[in-house]
Amino acid sequence: MVFKMRILFFSKAGNSELMAQAISREQKAGCDKIPPAYPCESEKLLFIGVETTKKTAPREVVDFCNGLTPARAKNVAFFGIGPSFEALDELKAIVEKNGVGIAGNPYQCVVKGGLFKAGKVTDADLAGAAKWSTEIVQSMVG
């Protein structure tokens, strides 16, 4: 870990949890669900992942983002898994309104499921998220 950061996720189908764990391994940083067991304090970077099955973000993630301030996290990088990503724009607007910076573009991963089976992230999706997280971190170091 280059500086103080955490990876947080909200996951119903387990996809954002898998992606958060891949990012956590890549960055050697702590990983927790939203709401986290311990509040964020002075994080230089916070990765937030969410499954975006609807056009709006889950209430738990909206509430968490509403509580973020620059004292808790200086910057946030979002990653989303799902068929639609309007919810990420909603979350970005919330944290920007609170004075928290946005680090890079969100990582967006489309998963497709069948009629009776939810889609799952692939190994390639997880590797892509890990690579994206490294690019975000490197952009903040230089």
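The model shown is predicted, which means the values in this text are computed figures rather than measured ones.

Conventions used here
Residues numbered from 1 in each chain as written. Predicted model: local features only at pLDDT ≥ 70, side-chain atom pairs only at ≥ 80, totals over all residues. Heavy atoms only, no water. Helix = DSSP H or I, 4+ residues; strand = E, 2+ residues; numbered from the N terminus. Buried < 20%, exposed > 50% of the residue type's maximum accessible area, 1.4 Å probe, protein only. Contact = heavy atoms within 4.5 Å. Salt bridge = Lys/Arg side-chain N within 4 Å of Asp/Glu carboxyl O.

Asker: Honestly, the environment of glycine 49 in this entry has me stumped. Any pointers?
Answerer: By the secondary structure assignment, glycine 49 is in strand β3 (residues 45–51). Look at glycine 49 and you get buried, because its relative accessible area is 0%. Taking the C-alpha atoms as reference points, glycine 49 and phenylalanine 3, 46 residues apart in sequence, are found 19 Å from one another. Ignoring any residue separated from it by four or fewer positions in sequence, one finds glycine 49 in contact with Leu8, Phe9, Phe10, Ser16 and Phe79.

Asker: Just to check I follow, could you spell out the environment of alanine 29 for this structure?
Answerer: Within the secondary structure, alanine 29 sits in the loop between α1 (15–27) and β2 (30–33). Distance from alanine 29 to phenylalanine 3, taken between C-alpha atoms, is 9.3 Å for residues 26 residues apart in sequence.

Asker: Would you mind showing me how to read the pattern of salt bridges here?
Answerer: Close approach of charged atoms allows side chains of opposite charge to pair. A complete count under the given rule lists four salt bridges for this structure. One salt bridge connects aspartate 32 with arginine 6, and the closest N-O pair in it is separated by 4.0 Å. Highlighted residues: aspartate 32 in strand β2 and arginine 6 in strand β1 (residues 5–10), separated in sequence by 26 residues. Overall, aspartate 32 belongs to the buried group, its relative accessible area being 18%. Arginine 6 gets classed as buried once you look at its relative accessible area, which sits at 13%.

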